[in-house]
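In case you want the letters, here they are:
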Amino acid sequence: MNDLPLLLLAATLLCSLTTGLVFAFTVVVMPGIRTLSDRDFLGAFKAMDRIIQNNDPRFLLVWVGSVVTLIAATVVYAPALSGMPQALLFGAVALFFVGVQLPTFVFNVPLNNQLQALDLHTLDTAGLEAARAQFEARWIFWNAFRTACGVIATGILLTVLYAA
């Protein structure tokens with residue numbers, strides 16, 4: 001390609017920011033709130049998730065923008081690429097969708113919704129402990145999975161961007 005692939009650059013940036021968000025939960029947020037009591041842990045997570053569920057425009061710009069620009073960049077640039085760069089682009093797209101987006105909507109969001117439905121003020125100690133046990137380990141596992149996939153997909157996109 002002769003011109004700077006701005007759409008691919010935008011997609012890479014937004015995928016990087018999306019990956020950075022899930023990475024932050026992996027290395028800072030969840031380890032930080034892990035030390036809280038069951039009620040405080042669940043309440044803190046609900047408060048953070050509520051911002052996302054209320055469609056914060058900054059969050060939407062990054063998360064939805066990563067999807068839209070990645071699709072658009074693939075449609076625009078894949079035909080102009082060939083060989084390994086084209087294969088890498090398709091691989092990065094597949095990994096980002098299957099490894100980041102799919103687990104988000106199949107695992108993390110349903111767990112978030114279950115947590116949002118709980119009235120933490122009416123649960124006793126055993127109920128809080130059970131709710132946390134049902135939520136925490138599964139959410140952390142799938143977040144770590146999507147973090148790893150996002151890092152790899154972003155690395156591949158950077159490679160494609162460099163080759164473009």
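A few points on the structure. Computed from a prediction, not measured in an experiment: that's the story for all the values here.

Points about the overall build of the chain
Inference 1: Of the regular secondary structure elements, the chain holds 5 helices and 0 strands.
Inference 2: Reading the helices (α) and strands (β) of the chain from amino to carboxyl end gives α-α-α-α-α.
Inference 3: Each principal axis of the C-alpha distribution contributes one length, and for the chain these read about 65 × 25 × 25 Å.
Inference 4: Within the chain, residue pairs in contact and separated by at least 24 positions form 83% of the contacts whose partners lie at least 6 positions apart.
Inference 5: Carbon and sulfur atoms make up 71% of the accessible area of the chain, which amounts to about 8600 Å² in all.
Inference 6: Counting 8 positive and 9 negative side-chain charges, the chain places the averaged centre of each group 0 Å from the other.

Things to note about unusual backbone geometry
Inference 1: The backbone phi angle of Asn55 is positive, close to 60 degrees, even though this residue is not glycine.
Inference 2: Secondary-structure assignment places Asn55 in the loop between helix H2 (38–53) and helix H3 (57–77).

Quick look at the packing of helix H4 (residues 83–116) against helix H5 (residues 125–163)
Inference 1: Closest axis-to-axis distance for the H4/H5 pair is 8 Å, and the angle between their directions is 160 degrees. The orientation of H4 with respect to H5, classified from their angle, is roughly antiparallel. You can see that H4 and H5 cross each other, and the crossing is left-handed.
Inference 2: Grouping the constituent residues of the contact of H4 with H5 by class yields 23 nonpolar, 9 polar and 2 charged.

Some remarks on H4
Inference 1: When the terminal C-alpha atoms of H4 are compared, their 47 Å separation across 34 residues agrees well with the 50 Å that a helix rising 1.5 Å per residue should span.
Inference 2: When the local axis directions of H4 are compared, the greatest deviation, roughly 50 degrees, occurs at Thr104.

Thoughts on the packing of H2 against H5
Inference 1: Where H2 meets H5, the closest approach of the two axes is 9 Å, and the angle between their N-to-C directions is 50 degrees. Comparing the axis directions of H2 and H5 gives the class oblique. Here H2 runs over H5; the crossing is left-handed. Of the residues in H5, those touching H2 at Asp38, Arg39, Phe41, Leu42 and Phe45 are Leu128, Glu129, Ala131, Arg132, Phe135, Glu136 and Trp139.
Inference 2: In terms of residue class, the contact of H2 with H5 is built from 7 nonpolar, no polar and 5 charged.

Topic: the environment of Phe90
Inference 1: With respect to the helices, strands and loops of the structure, Phe90 is situated in helix H4.
Inference 2: On the accessibility criterion, Phe90 (42% relative accessible area) is partly exposed.
Inference 3: Separated by 67 residues in the primary sequence, Phe90 and Leu157 place their C-alpha atoms 9.6 Å from one another.
Inference 4: If we skip the residues at most four places from it in the chain, Phe90 touches Thr74 and Ala78.

Conventions used here
- Residues numbered from 1 in each chain as written.
- Predicted model: local features only at pLDDT ≥ 70, side-chain atom pairs only at ≥ 80, totals over all residues.
- Heavy atoms only, no water.
- Helix = DSSP H or I, 4+ residues; strand = E, 2+ residues; numbered from the N terminus.
- Contact = heavy atoms within 4.5 Å.
- Areas by Shrake-Rupley, 256 points an atom, 1.4 Å probe, with all protein chains shown as cover.
- Lys, Arg positive; Asp, Glu negative; His and termini not counted.
- Charge placed at Lys NZ, Arg CZ, Asp CG, Glu CD.
- Axes fitted to C-alpha atoms, helices over the stretch in contact; angles between N-to-C directions.
- Parallel < 35°, antiparallel > 145°, perpendicular 65-115°, else oblique.
- Left-handed = near helix turned anticlockwise from the far one by under 90°.
- Nonpolar A, V, L, I, M, F, W, Y, C, P; charged D, E, K, R; others polar.
- Expected span 1.5 Å × (residues − 1).
- Bend = angle between axes of the 7 residues up to and from the residue.
- Buried < 20%, exposed > 50% of the residue type's maximum accessible area, 1.4 Å probe, protein only.

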